[in-house]
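One-letter residues, chain by chain:
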Amino acid sequence: MTIRLPGADGRLRSYEPRTDPLVVLPDGAPLASRTVFSAAHVVADPYADVSPGAPAAVDWDATLAFRRHLWSHGLGVAEAMDTAQRGMGLDWTTAAELVRRSAAEARATGGAIACGVGTDQLTGPATLDEVRAAYEEQLALVEESGARAILMASRALAATAAGPEDYLDVYGHLLRQAADPVILHWLGPMFDPALEGYWGSGDLDAATEVFLEVIAAHPDKVDGIKVSLLDVRREVDLRRRLPDGVRCYTGDDFNYPELIAGDEQGFSHALLGIFDPLGLAAARAVRVLDTGDVKGFRELLDPTVELSRHLFEHPTRFYKTGVVLLAWLAGHQEHFTMVGGLQSARSLPHLARAYELADGLGLFPDPSRAETRMKSLLAVYGVTS
């Protein structure tokens, strides 16, 4: 069977889906050589009568089932992160409920979980005291849930801070009171334009020095750093300067195989949005790496980069649309609906190419179902078989 897909030039062409999906049996044993978190998406409730800007409506059963799927393959879950549409459809009240439910599910199943701590309950101009208080509220909730905290980059802090000293003050305050070591999160402006100039400077070299100063002042309170700057050399240089015991979790969705494989001086662990649709492939590859087979790891994971770079192409922050499309096509949810109506954020040619690349990797457990669902989406846009 064939399917007609629109290209970037607006023309339809025929594509023949593969019939032999990638088969990776669940193996709940933790991955050994790397700590790997998948930043997981949320499944919207398609029947809720909501509009963009309204509080999110979540299908909790499907959302938690997807987390159990990730845990069953030995992956950790990075919860309530930007992949879950924090600040892009997922409001703080719903995010808090997501943290509570996912953390409880992690305890019940033995899965690893880390949860995002931010300031997104602030919806307008704020003072530094209000930013600190917002962070504290979220940190307390995550710690009470039993999950590891990820101190996310804050739009409110970026808008309020007068310079590096304000970042040093806020983060120092939070790290001193954190009950357990946290993961520090540096998300570049390609993922969120409101984070331009984070750490008090638009110069990345200067910002890096402030970031390292925060870590150096509290190394016992930093489990690791999550870096999403899409710059291999900068990440490698940064991880080589980390204090002993502080890990680097790559958030580079363009260059993750190279960074996870590492070099003679070290490697990155992973906390990646692309490991939502690539969960099975990632687990398979890292288990090969666990045996010491770096070449085999790269042979398995390198071919996935083209799909990842496509999903995360400019404007990068809309990568979530492709992630949810692939979850629907793979059968992890019964609809292509997103909180905030974000399913409309990517063009039909973009979605068609995402389908083609994912199918080529064998990511759909039932290729026939994926083809049928993709055809139904194409039909909505007027593409007939």
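As a reminder, the structure under discussion sits directly above these lines.
Because the structure is predicted, anything quoted here is derived from the model rather than measured.

Colleague: Sorry if this is basic, but what is going on with the overall build of the chain here?
Modeller: In terms of helices and strands, the chain carries 14 helices and ten strands. Against the compact-globule benchmark of 21 Å for 385 residues, the chain has a radius of gyration of 20 Å, which places it among compact chains. With respect to the three principal axes, the spread of C-alpha positions in the chain is 60 × 50 × 45 Å. Residue pairs at least 24 apart in sequence account for 71% of intrachain contacts in the chain once pairs closer than 6 positions are excluded. As presented, the chain carries roughly 15300 Å² of accessible surface, and 50% of it is formed by carbon and sulfur atoms.

Colleague: Explain the packing of helix α12 (residues 319-329) against helix α14 (residues 367-380) to me, please; I cannot follow it from the model alone.
Modeller: When two helices pack together, their arrangement is given by the angle between the helix axes and by the axis-to-axis distance. Direction vectors running N to C along α12 and α14 enclose 125 degrees, while the axes themselves pass 9 Å from each other. Considering the angle they form, α12 stands oblique to α14. Of α14, the residues touching α12 (which contributes L325, W328 and L329) are R369, A370, R373, M374, S376 and L377. By residue class, the composition of the contact of α12 with α14 is six nonpolar, one polar and two charged.

Colleague: Even after reading the chapter, I still don't get the nonpolar core, so can you show me in this structure?
Modeller: Side chains of nonpolar character tend, in soluble globular proteins, to be buried together. Grouped together as the largest cluster of nonpolar side chains are 123 residues, with contacts concentrated most on L157, Y171, L184, Y198, W199, I225 and F275. Those residues in contact with F275 that sit more than four places away from it in its chain are V36, S38, L70, Y256, I260, A270, A282 and L301. Among the nonpolar cores identified, the runner-up in size contains ten residues, and A39, M81, I150 and Y249 belong to it.

Colleague: For this particular structure, what's the right way to read helix α3 (residues 128-145)?
Modeller: Within an α-helix, residues lying three or four positions from one another point in the same direction, as the helix has 3.6 residues per turn. With 18 residues, α3 extends 26 Å from end C-alpha to end C-alpha; this agrees with the ideal 26 Å at 1.5 Å per step. Close packing links the buried residues of α3 with α2 (92-109), β5 (113-117), β6 (148-151), α4 (155-160) and α5 (164-177). Positive backbone phi, at 90 degrees, marks G146, one or two positions downstream of α3.

Colleague: It is not clear to me how the side chain of R373 should be interpreted in this structure. Could you clarify?
Modeller: By the element assignment, R373 lies in helix α14. We classify R373 as buried; its relative accessible area is 12%. Once residues within four sequence positions are removed from consideration, R373 is found in contact with W328, L329, G331, Q333 and E334.

Conventions used here
Residues numbered from 1 in each chain as written. Predicted model: local features only at pLDDT ≥ 70, side-chain atom pairs only at ≥ 80, totals over all residues. Heavy atoms only, no water. Helix = DSSP H or I, 4+ residues; strand = E, 2+ residues; numbered from the N terminus. Rg over C-alpha atoms; globule rule 2.2 N^0.38 Å. Contact = heavy atoms within 4.5 Å. Areas by Shrake-Rupley, 256 points an atom, 1.4 Å probe, with all protein chains shown as cover. Axes fitted to C-alpha atoms, helices over the stretch in contact; angles between N-to-C directions. Parallel < 35°, antiparallel > 145°, perpendicular 65-115°, else oblique. Nonpolar A, V, L, I, M, F, W, Y, C, P; charged D, E, K, R; others polar. Core = buried A, V, L, I, M, F, W, Y, C linked by side-chain atoms within 4.5 Å. Buried < 20%, exposed > 50% of the residue type's maximum accessible area, 1.4 Å probe, protein only. Expected span 1.5 Å × (residues − 1).

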